Amino acid sequence: RALISFLIALAFTVAFWYRKQSQGSTRANIKKGIKNKEFIPFYQPVINSQSNEIVGVEVLMRWRQFNGDLIPPNQFIPFAESAGLIVDMTYSMLNVMVDEMEITGQQVSPLFISINIVPEHLEDDKLYQYIKSLKESGKLGKHRVSLEITERQPITDLVKAREMLDNFYSIGVDLKLDDAGMGYGGFSYVQKLGISTLKIDKAFIDTIGVKDNFNEKTLDAIISFAKKSGLSVIAEGVETESQVNYLSQQGVDLIQGYFFSKPLDSKTFFTTYHNS
Ligand code: C2E
Ligand code: CA
Ligand code: CA
Ligand code: CA
């Protein structure tokens, strides 16, 4: 029996050690990736379905490794967020974005550029100063910056976050609530943080047209809540024409999803949406 206990303990120790080692190397790889500008932006258009015109774009991070492999965010962002690396990765990606915008971005009609942030970005004024100086430098041309936040990670100091956000609002940067309806906050952030827009998660869009689906009623409730509260709505993960039609009947015109476009690399994005 003692031997068995010993072997179990040993197994746990080895497993723990192994996990720490591999996380350690993930951390090191990410740090190296930041230095080498491996975290690059992809761009997914947001379309007004009434006019068929592009109104904005969401910047989505990809990890392009030295061997050319492109790693999607679900494989590294959760770790990066919990390991305190996401803030530096965001700046690194934004620097790449600014270079791309400076070269080709000016030939695209004025858009909002949505950036995904985490509560940590609101703990000091670094991001605010960064975006303010970007605006002042003219490198983003006529494009506006927009921030997206989820209710996934709680904000510990809401008052401080709001103070920081008011700085952003004073320079024309707005805040969108990402994955709206998925959080357990029950939209508590909307008032407290001064949210301008709800981005409705794909999980709700997927239920459109599905009979007796509870979530379709939730979708309708979110839309009517937004209308009553004077919020804009963007539907995310829209893949079919019948979803677009349903949404426009409900007064939701801003659409993001594979129906219009997948996230695109910068070259493809800027050539496709170039003003001729
Ligand atoms: P998100 O912010 O909710 O972004 C929307 C995700 O839905 C993107 O996945 C996008 O490619 C995907 N999507 C859009 N339309 C469709 C569709 O019609 N069908 C399907 N099946 N998918 C669609 P992606 O790019 O893989 O990003 C996943 C998540 O990773 C994001 O979800 C976001 O939470 C996180 N993420 C991405 N970039 C960043 C970043 O720069 N910073 C932070 N903190 N998180 C990021
Ligand atoms: Ca987002
Ligand atoms: Ca989302
Ligand atoms: Ca999502």
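Residue indices begin from 1 for each chain and proceed along its sequence in written order. The naming scheme follows written order: chains are lettered A onward, ligands numbered 1 onward. Reporting of local features is limited, given that this is a predicted model, to residues whose pLDDT is at least 70; pairs of side-chain atoms are given and counted only at 80 or more, and all residues count toward the totals for whole chains, interfaces and linings. Values shown for side chains rest on all heavy atoms present in the structure; no hydrogens or waters enter the calculation.

## A word on unusual backbone geometry
Despite not being glycine, K37 shows a phi value in the positive range, around 55 degrees. Numbering goes from the N terminus for both helices and strands, where a helix is a DSSP run of H or I of at least four residues and a strand is a run of E of at least two. Here K37 shows up in the loop between helix 1 (2-35) and strand 1 (39-48). A positive phi is found at N52, a non-glycine position, where the angle reads about 60 degrees. Relative to the helices and strands, N52 is located in the loop between strand 1 and strand 2 (53-64).

## Overview of the site of ligand 1
Near, as used in this document, describes a residue that has one of its heavy atoms within 4 Å of the molecule or strand being considered. Close to ligand 1 lie 23 residues, the nearest being M61, R62, D178, E239 and Y258. We define a polar contact as two N or O atoms separated by no more than 3.5 Å, with the added condition that, inside protein, one atom must be a possible hydrogen donor and the other a possible acceptor, whereas residues neighbouring each other in sequence contribute only through side-chain atom pairs. R62 is positioned with one of its side-chain polar atoms (N or O) 2.9 Å from an oxygen atom of ligand 1. At 2.5 Å from a nitrogen atom of ligand 1 is found a side-chain nitrogen or oxygen belonging to E239. Relative to its unbound accessible surface of 800 Å², ligand 1 loses 82% to contact with the protein. Broken down by secondary-structure element, the contributors of at least two residues to the shell around ligand 1 are strand 2, helix 2 (77-82), helix 3 (86-103) and strand 6 (174-180). Looking at the shell around ligand 1, the element that brings in the most residues is strand 2, giving 4 residues. Residue polarity follows a fixed list, in which Ala, Val, Leu, Ile, Met, Phe, Trp, Tyr, Cys and Pro are nonpolar, Asp, Glu, Lys and Arg are charged, and the others, Gly among them, are polar. Broken down by class, the residue content of the shell around ligand 1 amounts to 10 nonpolar, 4 polar and 9 charged. Note on areas: these come from Shrake-Rupley sampling with a 1.4 Å probe, and a residue is covered only by the protein chains present in the view.

## Topic: the packing of aromatic side chains
Any two rings among Phe, Tyr and Trp, with Trp reduced to its six-membered ring, count as a pair given centres within 6.5 Å; such a pair is stacked if its planes are under 30 degrees apart, edge-to-face if over 60, and tilted if neither. Throughout the structure, instances matching the rule amount to 10 aromatic pairs. Taken together, a centroid distance of 5.6 Å and an interplanar angle of 45 degrees make the contact between F39 and F76 tilted. Of this pair, F39 sits in strand 1 while F76 is found in the loop between strand 3 (70-71) and helix 2, placing the two residues 37 residues apart along the sequence. For F39, a relative accessible area of 0% corresponds to the buried category. An angle of 75 degrees between the planes, with centres 5.5 Å apart, marks the rings of W63 and F76 as edge-to-face. One end of the pair, W63, is in strand 2; the other, F76, is in the loop between strand 3 and helix 2, with 13 residues separating them in the sequence. Directly above the ring of F112 sits K176, whose terminal nitrogen or CZ lies 4.1 Å from the centroid. Geometrically, a charge over a ring is one whose NZ (Lys) or CZ (Arg) sits within 6 Å of the ring centre while staying within 35 degrees of the ring normal. Note that K262 overlies the ring of Y258, its terminal NZ or CZ placed 4.9 Å from the centroid. The cut-offs for exposure are 20% and 50% of the maximum accessible area for each residue type, with area from a 1.4 Å probe on protein chains only; residues under the lower value are buried, those over the upper are exposed, and the others partly exposed.

## Looking at the coordination of the calcium ion (ligand 3)
Water is not part of the atom set, so a site may look incomplete; the donors themselves are N, O and S atoms within 2.8 Å of the metal, or 3.2 Å for Na, K and Ca. Donor atoms from the polypeptide that coordinate the calcium ion (ligand 3) comprise D178 (OD), D179 (OD), E236 (OE) and E236 (OE), at 2.2 to 2.9 Å from the metal. Site description for the calcium ion (ligand 3): donor spacing in sequence, D-D-x56-E. A distance of 4.0 Å spans the gap from the calcium ion (ligand 3) to the calcium ion (ligand 2), which D178 bridges by coordinating each metal. Taken as a pair, D179 in strand 6 and E236 in strand 8 (residues 232-236) lie far apart in primary sequence, 57 residues in all. With a relative accessible area of 22%, D179 lands in the partly exposed category. Given a relative accessible area of 13%, E236 falls into the buried group.

## Overview of the packing of helix 3 against helix 4 (residues 126-137)
The convention used is that axes are lines fitted to C-alpha atoms, helices contributing only their stretch in contact, and that angles between N-to-C directions extend from 0 to 180 degrees. Between helix 3 and helix 4, whose axes approach to 12 Å, the crossing angle comes to 5 degrees. Our classification of the angle between helix 3 and helix 4 gives roughly parallel. Judged by residue contacts, D88, Y91, L94, N95 and V98 of helix 3 engage K126, L127, Y130 and L134 from helix 4. Considering only residue class, the contact of helix 3 with helix 4 consists of 6 nonpolar, 1 polar and 2 charged. Angular relationships are summarised with four words: roughly parallel below 35 degrees, roughly antiparallel beyond 145, roughly perpendicular across 65 to 115, and oblique for the angles in between. Any two residues whose heavy atoms approach within 4.5 Å at even a single point are treated as in contact.

## What to know about the side chain of H143
Structurally, H143 can be placed in the loop between helix 4 and strand 5 (144-149). Within the structure, the side chain of H143 is placed 3.1 Å from the backbone nitrogen of L111, a separation counted as a polar contact. In this view, H143 contacts M101, G105, V108, S109, P110, L111 and I113; residues no more than four positions away in its chain are not counted.

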